[in-house]
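Descriptive analysis of the structure
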Amino acid sequence: PRPIKKAKLVLLGDVGTGKSSLVLRYLKGEFVEFQESTIGAAFFTQTVVINDETVRFEIWDTAGQERYHCLAPMYYRGAAAAVVVYDVTNPATFSRAKKWVQELEIQGSQNTIIALAGNKADLLEARQVFAEEAQTYAEDNGLLFMETSAKTAINVNDIFYEIELDHLVQ
Ligand code: GDP
Ligand code: MG
């Protein structure tokens, strides 16, 4: 059998956007209304087999608090992929997501795949960031983009699967 590849995946984005919830949904198929906020960063692994290739994703779920910002490069440096999460009900988190993308483009590794996730897409009434705007931004910046909901599970497996596929074709 071929050796197992390792790939680092990091989640970035404001506190409260649903990073930990997306990871919990992806890894365990669960959702909790009162997800505890992450301190520093949490670490998970997920081994996936795609097209006969086995990859062990090492997932870093960062806190998102500004006071931990200085630690972020440790998590995104050398990452195969970064998922930048914003909350579709909160425009400030979309601005913050753009800042993360900028930082990754300037200081991140050349071949890090960047995926933008507009999370909480289930909150239809409260939506303030429109998909078209984020889609255009993502296209202009060469990002994968999906609106997700950790609550209803919409697009959660899909966005991680897209990342995995992109990683394997690189
Ligand atoms: P993090 O700080 O980015 O890790 O965010 P959390 O995963 O801790 O989520 C913050 C809050 O938003 C929690 O109360 C979650 O239950 C809630 N939440 C996360 N994702 C969703 C979602 O897709 N839809 C809704 N309605 N709530 C969500
Ligand atoms: Mg968290």
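Details of the structure are given in the entry above.
A brief look at the structure comes next. (Residues numbered from 1 in each chain as written. Chains lettered and ligands numbered in written order. Predicted model: local features only at pLDDT ≥ 70, side-chain atom pairs only at ≥ 80, totals over all residues. Heavy atoms only, no water.)

A short note on the coordination of the magnesium ion (ligand 2)
Worth spelling out the cut-off: Metal-coordinating donors are taken as N, O and S atoms lying within 2.8 Å of the metal, or within 3.2 Å when the metal is Na, K or Ca; because water is left out, some sites can appear incomplete. Only DSSP runs of H or I with at least four residues qualify as helices, and only runs of E with at least two residues qualify as strands; both kinds are numbered from the N terminus onward. Between buried and exposed lies partly exposed: a residue is buried under 20% and exposed over 50% of the maximum accessible area for its type, with that area taken using a 1.4 Å probe on protein chains only.
Ligation of the magnesium ion (ligand 2) by protein atoms is provided by Ser20 (OG) and Thr38 (OG1), these donors lying 2.1 Å from the ion. You can see Ser20 sitting in helix α1 (residues 19–28) and its partner Thr38 sitting in the loop between α1 and β2 (41–50), a full 18 residues away along the chain. Residue classification places Thr38 among the buried positions, given a relative accessible area of 14%.

Considering the nonpolar core
Inclusion rule: Residues enter a nonpolar core if they are buried and are Ala, Val, Leu, Ile, Met, Phe, Trp, Tyr or Cys, with the set joined through side-chain atoms within 4.5 Å. The contact definition used throughout considers only heavy atoms, calling two residues in contact when any of these lie within 4.5 Å.
Core analysis: the biggest nonpolar cluster contains 26 residues, and Leu9, Val83 and Ile163 have the highest contact counts within it. Every element with two or more residues in this core is listed here: β1 (5–12), α1, β2, β3 (53–62), β4 (81–87), β5 (113–119), β6 (144–147) and α5 (156–169). Of all the elements, α5 adds the most residues to this core, at 5 residues. Apart from residues lying up to four places away in sequence, Val83 is in contact with Leu9, Val10, Leu11, Leu12, Ala115, Ala117, Phe160 and Ile163. Tyr76, Val84, Ala97 and Leu104 belong to the second-largest nonpolar core, a separate cluster that totals 23 residues.

Section: the side chain of Thr148
Mapping Thr148 onto the fold places it in the loop between β6 and α5. Of the residues examined, Thr148 reaches a relative accessible area of 1% and is grouped as buried. Once you skip the residues sitting within four places of it in the chain, Thr148 turns out to touch Leu22, Ala117, Gly118, Asn119, Lys120, Ala121, Ile154, Asn155, Val156 and Ile159.

Focus: the pairing of β4
Going by this rule: In this description, strands pair whenever DSSP reports at least two bridges between them. A clockwise course of the path from the first strand over the helix to the second, judged with the strands pointing away from the viewer, identifies a crossover as right-handed.
Within β4, 7 of the 7 residues are buried, leaving the element largely enclosed by the surrounding structure. By the alternation rule, side chains of β4 split into Ala81, Val83, Val85 and Asp87 and Ala82, Val84 and Tyr86, which are all buried. Note that β1 and β4 share 4 bridges and pair parallel. From the neighbouring strand, Leu12 faces β4, where its bridge partner is Val84. The pairing of β4 with β5 spans 7 bridges and is classified as parallel. Paired with Tyr86 across the two strands is Gly118, which belongs to β5. In this fold, the crossover linking β4 to β5 by way of helix α3 (residues 91–107) has right-handed handedness.

A short note on the sheet that holds β1
Basically, it comes down to this: In this analysis, axes come from line fits to C-alpha atoms, helices being fitted only over the stretch in contact, and the angle between any two N-to-C directions falls in the range 0 to 180 degrees.
Here 6 strands make up an open sheet; going across it, the order is β2-β3-β1-β4-β5-β6 and the pairing mixed. Among the strands making up the open sheet, the edge pair consists of β2 and β6. Strand-to-strand, the axes of this sheet are offset by a mean angle of 20°, without reference to chain direction. Summarising the sheet, β2 and β3 pair through 10 bridges and their orientation is antiparallel. In the strand pairing of β3, Thr45 is matched with Glu58. Each of β4, β5 and β6 is contacted by helix α4 (residues 131–140), which is oriented at about 165° to β6, the strand it contacts most. Taken strand by strand, α5 contacts β1, β2, β3, β4, β5 and β6, and its axis lies near 175° from that of β5.

A word on the pairing of β5
The element β5 is extensively covered by neighbouring structure, given that 7 of its 7 residues are classed as buried. Alternating residues of β5 divide into Ile113, Ala115, Ala117 and Asn119 and Ile114, Leu116 and Gly118, and every residue in both groups is buried. For β5 and β6, the ladder comprises 4 bridges, and the chain directions are parallel. Bridging from a neighbouring strand, Gly118 pairs with Glu147 of β6. Since β5 and β6 lie parallel, the crossover through α4 that links them has a hand, and here it is right-handed.

Spatial relationships are all this shows, so hold off on functional conclusions.
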